[in-house]
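Working through the structure, step by step
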Number of protein chains: 2
Amino acid sequence: MNSAANALQQTDDSAETGAQQIRDAIRDAIVERRLSPGTKLSESDVGNLFNVSRTLARAALQALSYEGLVSVEKNRGAFVAYPSPDEARQIFAARRLIEPGILREAAARITPSEIQHLKQLLLEESRLISERGQTARRAEIKASGDFHLTLASISGNTIMQRFMDELVARSSLVIALYGQSTISSCGHSEHGDIVGAIERKDLDHACHLMVHHIAHIEADLDLRERKGQGLKEAFDL
Amino acid sequence: MNSAANALQQTDDSAETGAQQIRDAIRDAIVERRLSPGTKLSESDVGNLFNVSRTLARAALQALSYEGLVSVEKNRGAFVAYPSPDEARQIFAARRLIEPGILREAAARITPSEIQHLKQLLLEESRLISERGQTARRAEIKASGDFHLTLASISGNTIMQRFMDELVARSSLVIALYGQSTISSCGHSEHGDIVGAIERKDLDHACHLMVHHIAHIEADLDLRERKGQGLKEAFDL
DNA sequence: ACGCAAAATATCGTATACAATTTAGCCGTA
DNA sequence: TACGGCTAAATTGTATACGATATTTTGCGT
C-alpha cells in the first residue's frame, strides 16, 4: 500500500450510496491536504481501501476529474491534481470574477438567522486558529473555505454554489502547492469585516473587501514556475 | 427502439476515445434539440446505439449528469434534463452574473484577428437565419451559443470557459422548454452591437449590452409552472 | 367491471473477467 | 560498461454476468 492508504483510512466502511461516498471521502482528503498533489490514485488501491470493486473506484475518480481535483491520464492512471501556476491564476481570476456577484445576491436575500449562522462560523474559525495540532489545522482549512461556500448557499443559486464548490476545493490544492505563510487563513479577520459590511447593508464596500480578500490570498502564493516534480532543472541551481 | 434512436443515429461508428465520444454525441443532440427534455436515455439503449457495452454508456450518461444536461434517478434511469422554471431562472441569473466579467476579460486581451473571427461568426449566424430548413435551425441554435462561448475562450480562462459551456448548453434546454418566439436568436443584432462596443473599447457599454441581451433572451421565456408533460390537464382547456 | 395483489419484466447497481496498453526489468550484444 | 530490444508484470479499458429495485402486467376476488 502506498502513501495514499494512510491518508484515506478512516471511512472505509459503510457503502451507503456507493460511488458518491467514495468520491466525497477522497475529496475531503484532498481538500484537507491529507493527500498531496501528484499522489497516484490507482483504481485497484482505491477499491481495496473502500472494499469495493474497481468499477466504483473508477466512477469516483472519474467524478473527481470533472471537478478538477484529480487528473486522469489515459492508460496511465489517476493522480491528485497538480495545478500549474497558470491554472492557479485562472482559479483565482475566476473567484475574483464570481464572488462579488455572489456576495451581492447573498446580501440581498440574507436573513437575520443566516447572519447569525455566519457569525457562528467566524467564531468556530477563530477557535480553530487558536487551537494547535494537525487536526485543528485541517479543520481550519475547511472552515476557511466554508465561509465562502456558505455565502454561495445563501445566494440561493445552486449552480453558482456548485461552481464555488469546485473553485474552493481547487484553491485548497493551489495553496497546498504554492502557499508560503504557514497558515493560509491569515485573512480570517477579513471574513469578519465582510460580514460586518453585509450587516450594515454596505454592498459596495462588502464587494470591495471580498475582492481584496481574494487578492490577499493570492498574494501569499509563490507562483513561479516550479519545474520540480522530477525534472532535471531541479539540479541546476 | 424509442424516439431517442432517430435523434442520435449519425455518429454511431468510430469509438476513438471511448466514452467521451458518446458523451459529446449525446450532448450535441441535446443542445441542437434533436433530443427533447424528458426523453429517457436507458443505458442499454445508448449502448446498443453506439455499439458499446453498458459500462461506457453509463459513463457517458454520468458525465452528462455532472453537466446538468441529463438527470439520473436512482434505479429508474437517465433522462434528458427537464429544468424547472426555478432552475431556468438560476441559469440565467448565473449568466448575468458571469458574462459581464468574461466580457471585460475578453475585451482586454482581444486581438485584431480575434475580432475578425467574431465578425465572421456574426456573418455565419445571419446567413443561417436567412436560410430555411430544420438543419439550418439547428445550426443557428448552436451558432448563437458559439458567440458567447467564443468570448469565453478569448478571455483565456479555461475554467470560466467550462462554466460557460455548461450554462450555454443548459440554456438551450431551457429555451426548448419555455421559449415562445419561434426563434430564440431574435437578439442576433445584439451580438453585433456587443462586438461593436468591444471594437470601440467601450467596455462599460459592452457589459451593459451583454446584460440586456441576456435579459432579452430570458424575457422571451414563459416561465410559468407547466404541469403538462402528458398530464390530464392537457385536455381541460 | 373494478380494484388490489402478486408475478413477470425491464432497468439499474455492482462485481468479476478478459483484452489492450503501458511500464519496468532482464539479457544479449557492441 | 553502455545501449537496445524483448519479455513479463502491473494497470487501465471494456465487456459480460449476476443481484437488487422499480415498473408493468396479469389474474383473481369482490
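The structure we're discussing is the one just above.
Read on for an overview of the structure. (Residues numbered from 1 in each chain as written. Chains lettered and ligands numbered in written order. Predicted model: local features only at pLDDT ≥ 70, side-chain atom pairs only at ≥ 80, totals over all residues. Heavy atoms only, no water.)

A separate point is the pairing of strand 3 (residues 77-80) of chain B. Residue and element names in this part refer to chain B. Pairing of strand 1 (residues 40-41) with strand 3, which is carried by two bridges, proceeds in the antiparallel orientation. Each residue of the ladder has a partner; that of lysine 40, found in strand 3, is phenylalanine 79. Sheet topology places strand 2 (residues 70-73) next to strand 3; four bridges connect them, and they run antiparallel. Residue pairing for strand 3: serine 71 is matched across the bridge by phenylalanine 79. (Pairing = 2+ DSSP bridges. Helix = DSSP H or I, 4+ residues; strand = E, 2+ residues; numbered from the N terminus.)

Neighbouring DNA strand D are 17 residues; Arg54 and Arg58 of chain A together with Ser53, Thr55 and Arg76 of chain B lie closest to it. Taking the atoms of DNA strand D that fall within 4 Å of the protein, sugar and phosphate contribute 67% of them. Between threonine 55 of chain B and DNA strand D, the recorded distance is 3.0 Å, taken from a side-chain N or O atom to a base nitrogen. At the level of elements, helix 4 (54-66) of chain A together with helix 4 (54-66) of chain B are the ones that each hand at least two residues to the surface near DNA strand D. Here the element with the most residues in the surface near DNA strand D is helix 4 of chain B; it accounts for three residues. (Near = heavy atom within 4 Å. Polar contact = N/O pair within 3.5 Å; in protein donor to acceptor, adjacent residues only side chain to side chain.)

Here we take up the protein's contact with DNA strand C. The local shell around DNA strand C holds 16 residues, among which Ser53, Thr55 and Arg76 of chain A together with Arg54 and Arg58 of chain B are the closest. Each atom of DNA strand C within 4 Å of the protein belongs either to a base or to sugar and phosphate, the latter forming 67%. At 3.0 Å from a phosphate oxygen of DNA strand C is found a side-chain nitrogen or oxygen belonging to serine 53 of chain A. In the model, a phosphate oxygen of DNA strand C is placed 2.6 Å from a nitrogen or oxygen of the arginine 76 of chain A side chain. Across the surface near DNA strand C, the residue classes tally to two nonpolar, seven polar and seven charged. (Nonpolar A, V, L, I, M, F, W, Y, C, P; charged D, E, K, R; others polar.)

This part covers the relation of the copies chain A and chain B. For these two chains of identical sequence, chain A goes onto chain B by a turn of 180° and a shift of 0.1 Å along the axis, with RMSD 0.1 Å. Taken together, the rotation angle and the small translation identify this as a two-fold axis. Relative to the rotation axis, the closest C-alpha in chain A is found at isoleucine 98 of chain A, a distance of 3.2 Å. Mapped onto chain B, 91% of the interface residues of chain A are again interface residues, and the two copies thus contact each other with one and the same surface. (Least-squares fit on C-alpha atoms with pLDDT ≥ 70 in both. Contact = heavy atoms within 4.5 Å.)

Right, let's get into the sheet that holds strand 2 (residues 70-73) of chain A. Residue and element names in this part refer to chain A. Pairing in this open sheet of three strands is antiparallel, and the strands run 1-3-2 from one edge to the other. Pairing within the sheet leaves two strands with one partner each, and these edge strands are strand 1 (40-41) and strand 2. Packing of helix 4 onto the sheet brings it into contact with strand 1, strand 2 and strand 3 (77-80), and relative to strand 2 it is tilted by some 115°. (Axes fitted to C-alpha atoms, helices over the stretch in contact; angles between N-to-C directions.)

In this structure the tally under the stated criterion is 42 salt bridges over all chains. Between arginine 27 of chain B and glutamate 67 of chain B there is a salt bridge, and its shortest N-O distance comes to 2.6 Å. In this pair, arginine 27 of chain B is assigned in helix 2 (residues 19-31) and glutamate 67 of chain B in the loop between helix 4 and strand 2, connecting sequence segments 40 residues apart. Among the residues examined, glutamate 67 of chain B registers a relative accessible area of 16% and is labelled buried. Notably, a salt bridge pairs glutamate 166 of chain B with arginine 170 of chain B, separated by 3.2 Å at the nearest N-O pair. Note that glutamate 166 of chain B and arginine 170 of chain B are positioned in helix 8 (residues 158-178) at a spacing of four residues, about one turn of the helix. Taking the relative accessible area as the measure of exposure, arginine 170 of chain B reaches 9% and is therefore buried. Counted as one network, the salt bridges with shared partners bring together Arg23, Asp24, Arg27 and Glu67 of chain A. (Salt bridge = Lys/Arg side-chain N within 4 Å of Asp/Glu carboxyl O. Buried < 20%, exposed > 50% of the residue type's maximum accessible area, 1.4 Å probe, protein only.)

Let's shift gears to the side chain of serine 172 of chain A. All names here are of chain A. Tracing the sequence through the fold places serine 172 in helix 8 (residues 158-178). On the basis of relative accessibility, which here comes to 6%, the residue serine 172 falls in the buried class. Within the structure, the side chain of serine 172 is placed 2.7 Å from the backbone oxygen of valine 31, a separation counted as a polar contact. In this structure serine 172 touches Ile30, Val31, Arg33 and Ile141, once residues within four positions along its chain are discounted.

Taken together, three strands build an open sheet; the order of strands is 1-3-2 (chain B) and the sheet is antiparallel. This sheet does not close on itself; its edge strands, each paired only once, are strand 1 and strand 2 of chain B.

Residues and elements named next belong to chain B. With 19 residues, helix 6 (residues 112-130) extends 28 Å from end C-alpha to end C-alpha; this agrees with the ideal 27 Å at 1.5 Å per step. Of the residues making up helix 6, those classed as buried are Ile115, Leu118, Leu121, Leu122, Glu125 and Leu128. What you see down the axis of helix 6 is that its buried residues fit within an arc of 140°, all on one side. Facing away from the buried side of helix 6, by more than 90 degrees, are the exposed residues Pro112, Ser113, Gln120, Leu123 and Ser130. In the core, the buried residues of helix 6 are packed alongside helix 7 (134-155) and helix 9 (188-199). (Expected span 1.5 Å × (residues − 1). Arc of directions from axis to C-beta.)

Take the environment of aspartate 146 of chain B next. Residues and elements named next belong to chain B. Relative to the helices and strands, aspartate 146 is located in helix 7. Take aspartate 146: its relative accessible area is 29%, and that puts it in the partly exposed class. Along the sequence, aspartate 146 and aspartate 165 sit 19 residues apart, while their C-alpha atoms lie 9.3 Å from each other.

Let us now look at the side chain of histidine 191 of chain A. Residue and element names in this part refer to chain A. Examined against the element boundaries, histidine 191 turns out to sit in helix 9 (residues 188-199). Only 2.9 Å separates the side chain of histidine 191 from the side chain of histidine 213, close enough to count as a polar contact. Setting aside anything within four residues of it in sequence, one finds histidine 191 in contact with Leu122, Glu125, Ser144, Phe147, His148 and His213.

Honestly, that's just the spatial picture; any functional story needs more than this.
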